[in-house]
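Structure at a glance
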Amino acid sequence: MIIAGLQKTTLIDYPGKIACVVFLAGCNFRCNWCYSSELVLPLKIVNQPRFSEKEFFDFLRERQGLLEGVVVCGGEPTINKDLPQFLAKIKNLGFAIKLDTNGSNPQILKDLVDTKLIDYVAMDIKTSPDSEIYKNIMQEGIKMEDIKESAGFLKQGNVDWEFRTTAVNTIHTKEDFQKIAQWIGGPNVKYYLQNFRPEKTIDPEFEKIKPFETKFLEEVVKEISPHFKLCQLR
Ligand code: SF4
């Protein structure tokens, strides 16, 4: 795995915990609106500064007792074969782990939960399940069934989790959010919407897109809230 970034402290990325964020390079999606192109596109990844595992774990040892958790994100962390060993080392130092994922590897997700290597999962829901956009962004033979399987597994409640969507004007319509709510909704489900920021996107055309009006997203949240235990705009 390539450790391509480290945010030393965050109070907002791991619900209820003071954490750091480690960024693993590489992704099996190509969301045009993604603003982590340096963690996704191979030509950009090669120019990223890297941290060795030793540097990362030395940092964690120094923060024992100060930080409570580690957010593992990407890119898409589950594409790394050595992810379980990496997580086990973090766990052995006493940190709780939050995994950010696009849901493309349901079996790995299940294994990580079963082996208690992760404590919290944030799964991105890109758009409605019947949208062509999902098909267009998924690479490497990933199927919509994989995404549905991950979402269905999380809804069984074997691990604390949330679903979230970056709401992108021109990509999403109100109808998409209604379809998402019908798909992933449930009495035990937390769902967050976050407005898109037009900055350094994979497709430069998306940098010209105006984010949704906050008022529009608040209306969406109000409309779909009955499908969820909690639905909020972040
Ligand atoms: S938004 Fe997430 S899943 Fe999509 S390309 Fe970027 S890192 Fe990958």
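Residues numbered from 1 in each chain as written. Predicted model: local features only at pLDDT ≥ 70, side-chain atom pairs only at ≥ 80, totals over all residues. Heavy atoms only, no water.

1. Considerations on helix H8 (residues 174-184)
Every buried residue belonging to H8 is among Asp176, Phe177, Ile180, Ala181, Trp183 and Ile184, and all of these are buried. The arc that holds every buried residue of H8, seen down its axis, measures 165°, which confines them to one face. Packed against the buried residues of H8 are helix H6 (132-137), helix H7 (144-155), strand S6 (160-167), strand S7 (186-195), helix H9 (214-224) and strand S8 (228-233). (Buried < 20%, exposed > 50% of the residue type's maximum accessible area, 1.4 Å probe, protein only. Helix = DSSP H or I, 4+ residues; strand = E, 2+ residues; numbered from the N terminus. Arc of directions from axis to C-beta. Contact = heavy atoms within 4.5 Å.)

2. With respect to the site of the ligand
Every residue near the ligand is listed here: Cys27, Phe29, Cys31, Cys34, Val40, Gly75, Asn102 and Lys126. Taken together, the residues of the shell around the ligand sort by class into five nonpolar, two polar and one charged. (Near = heavy atom within 4 Å. Nonpolar A, V, L, I, M, F, W, Y, C, P; charged D, E, K, R; others polar.)

3. A few points about a nonpolar patch on the surface
A contiguous nonpolar patch, built from Leu11, Ile12 and Ile18 and spanning about 350 Å² of accessible area, is present on the exposed surface. Turning to its location among the elements, Ile12 is positioned in the loop between strand S1 (3-10) and strand S2 (19-24). (Patch = residues over 30% accessible without salt bridge, like charges linked within 9 Å, V, L, I, M, F, W, Y side chains within 5 Å. Areas by Shrake-Rupley, 256 points an atom, 1.4 Å probe, with all protein chains shown as cover. Salt bridge = Lys/Arg side-chain N within 4 Å of Asp/Glu carboxyl O.)

4. Quick look at the side chain of Glu162
Of note, Glu162 is situated in strand S6. Among the residues examined, Glu162 registers a relative accessible area of 1% and is labelled buried. Discounting residues that sit within four places of it in the chain, Glu162 has contacts with Pro15, Tyr120, Val121, Ala122, Met123, Lys190, Tyr192 and Arg234.

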